[in-house]
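In case you want the letters, here they are:
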Amino acid sequence: MSKGHAWVLGATGQIGRVAVRSLVEDGWEVTAASLGGGRDDRWDTAVRTTALDRNDEGALAAALGDGCDVLVDMVAYDAEHARQLTGLADRIGSAVVVSSGAVYEDDRGRSFDTQQEPDGAPRYPVPIPESQRTVPAGDTTYGTRKIQLEQDLLAAGDALPVTLLRAGAIHGKYCRSPRELYFVKRLLDGRDRRVLAFGGESRFHPVHASNLAELIRLAALRPGSRVLNAGDPQAPTVAEIGEAVDAVLGRRTETVLMAGPFGEDLVGATPWSGAHPIVYDMTAAERELGYRPVTGYVESLPETVEWLAGRLAGQDWTEAFPAMLRAYGKKLFDYAAEDAWLAAYDRKG
């Protein structure tokens, strides 16, 4: 017996692909909406697909028709998207919306937005509860837009029950900015040494796409207005992540630890690097949804590494992952600067 009709926005993205499959397996009838209206090869043939640009005026309302029992939104980013959903509250039974841990700030007002400033690295409690203070709502940064989205959706109250999932560092197949590329590419390029700032102790809590999909599945079954963290069962250090990637590819790499922060040449900087740990408290998700992760970081890594290696075969990383280039720049793989730093390090040693 069907649990109802689920509508998924951003269905062919990294999280959407897994969420659609999870919802179908759980007994939902699913409409998968994306810009291109595409289909994942692993979806059941019963999944309906539709092409939709949610930013076109009236497009979402027209495509939604008579409505749905639950709307899952992977691509909501700001107040306008909140207005879209609340404006359709009479046609949406409940919603599950992916937000971000970037909304948090520490007790001195430091956040992801300030970490490049002197003494700007946020120092959060470990682990971070959902009650931790957040950045001011607004339209200036990713974090301020996300918290505006959250506040506007929660203000709808009973008219639109919404679960907001504050995701950590998302990983897995189909990621547009895969952090694991940092280690995988170095190994494929034959690099046998790596430099890690902050003593290799940086922690940025990851969440695998399938764990997010599990949270989405559970939230769809238990409508309510709430904010929940979304993370894996472990938050490994960056050094542990490097060792895990080594193990998957059967390589051994010498890790050289930089005691302090990286410099302007970015040697030692990684997509996980930070002066203080970022670890999310998952107690509320366990209590309110009965959440149990379906995978861990190390267990999920082989599939991710295989996918990355396949994407890199025969093309430059900047072509395979243009979003990664925009996010981190070419200095991410500046081997000349890295070799110069290592040569100076060896001379001192």
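Look up: the structure comes first, before these words.
Everything in this summary refers to the structure shown in the same document. Residue positions are given per chain, counted from 1 along the sequence in the order it is written. Local features in a predicted model are, by the rule used here, given only for residues with pLDDT of at least 70; side-chain atom pairs are given and counted only at 80 or more, and totals for whole chains, interfaces and linings are based on all residues. With hydrogens and water excluded, all non-hydrogen atoms of the structure serve as input to the side-chain values.

With that out of the way, let us pick up the packing of helix α1 (residues 14-25) against helix α6 (residues 209-221). Axis geometry follows a simple rule: fit a line to the C-alpha atoms, using only the stretch in contact for helices, then measure angles between N-to-C directions, giving values from 0 to 180 degrees. Secondary structure elements follow DSSP: runs of H or I no shorter than four residues count as helices, runs of E no shorter than two count as strands, and numbering proceeds from the N terminus. Where α1 contacts α6, the axes come no closer than 8 Å and their chain directions differ by 50 degrees. As summarised for this structure, α1 and α6 are arranged oblique, according to the angle between their axes. Where α1 crosses over α6, the two elements pack in a sense that is right-handed. On α6, the residues that touch Q14, I15, V18, A19, S22 and L23 of α1 are A209, S210, L212, A213, I216, R217 and A220. Put simply, Ala, Val, Leu, Ile, Met, Phe, Trp, Tyr, Cys and Pro go in the nonpolar bin, Asp, Glu, Lys and Arg in the charged bin, and everything else, Gly too, in the polar bin. Looking at the contact of α1 with α6 residue by residue, the class counts come to nine nonpolar, three polar and one charged. Angular relationships are summarised with four words: roughly parallel below 35 degrees, roughly antiparallel beyond 145, roughly perpendicular across 65 to 115, and oblique for the angles in between. Note on convention: near helix rotated counterclockwise from far helix by under a right angle means a left-handed crossing. Clockwise means right-handed. Should any heavy atoms of two residues lie within 4.5 Å, those residues are considered in contact.

Bringing the packing of aromatic side chains into the picture now. Think of it this way: a Phe, Tyr or Trp ring, Trp meaning its six-membered ring, pairs with another when their centres are within 6.5 Å, and the plane angle makes it stacked under 30 degrees, edge-to-face over 60, tilted otherwise. This model, assessed by the stated rule, comprises 11 aromatic pairs. Relative to F321, the ring of W307 has its centre 5.7 Å away and its plane inclined at 65 degrees; by these criteria the two rings are edge-to-face. Linking W307 in helix α9 (residues 297-312) with F321 in the loop between α10 (317-320) and α11 (322-328), this pair joins segments that are 14 residues apart in sequence. Residues W307 and F321 agree in their burial class; the two are buried. Ring geometry for W341 and Y345: centres 5.4 Å apart, planes at 15 degrees, overall stacked. Remark: Y345 and W341 occur in helix α12 (residues 335-348); sequence separation between them is four residues, near one turn of the helix. Through a chain of ring-to-ring contacts, the aromatic side chains of Y182, F183, W272, W317, F333 and Y335 assemble into a single cluster. The ring of F333 is capped by K185, whose NZ or CZ atom sits 5.4 Å from the centre of that ring. In this scheme, Lys NZ or Arg CZ marks a charge over a ring once it lies within 6 Å of the ring centre and within 35 degrees of the ring normal. Residue placement shows R311 over the ring face of F321; its charged tip is 4.9 Å from the ring centre. The rule is simple: take the accessible area with a 1.4 Å probe, protein chains only, and divide by the maximum for that residue type; under 20% is buried, over 50% is exposed, in between is partly exposed.

Quick look at helix α3 (residues 79-87) now. Within α3, burial applies to A79, H81, A82, Q84 and L85. Check the buried side of α3 and you find it contacts α2 (59-64), β4 (68-73), β5 (92-100) and α4 (142-154). A 3.5 Å cut-off defines polar contacts: any pair of N or O atoms within that distance qualifies, except that in protein one atom must be a possible hydrogen donor and the other a possible acceptor, and neighbouring residues in sequence count only when both atoms are side-chain atoms. At the N-terminal boundary of α3, the capping side chain belongs to D78, with an oxygen 3.2 Å from the backbone nitrogen of E80.

Attention shifts here to the environment of G120. When you line up the elements, G120 lands in the loop between β5 and α4. You can call G120 buried: its relative accessible area is 4%. Remark: the alpha-carbon pair of G120 and R110, spanning 10 residues in sequence, is separated by 5.9 Å. Ignoring anything within four residues of it in the chain, the contact list for G120 reads R110, S111, T114 and Q115.

The subject of this paragraph is the sheet that holds strand β1 (residues 5-9). Strand pairing in a sheet relies on backbone hydrogen bonds, with the paired strands running either antiparallel or parallel. Two strands make a pair as long as DSSP finds a minimum of two bridges between them. Taken in spatial order, the seven strands make up an open sheet running β3-β2-β1-β4-β5-β6-β10, and their pairing is parallel. Unpaired on one side and paired on the other, β3 (48-51) and β10 (226-230) mark the two borders of the sheet. Going across the sheet, the axis of each strand differs from the next one's by a mean of 20 degrees, ignoring polarity. Alignment of β5 against strand β6 (residues 162-167), held across six bridges, turns out to be parallel. Residue pairing in the sheet places A95 in a bridge with V162 of β6. With respect to the sheet, α1 is in contact with β1, β2 (29-34), β4 and β5, its orientation differing from that of β2 by roughly 165 degrees.

This is a description of form; function is not addressed.
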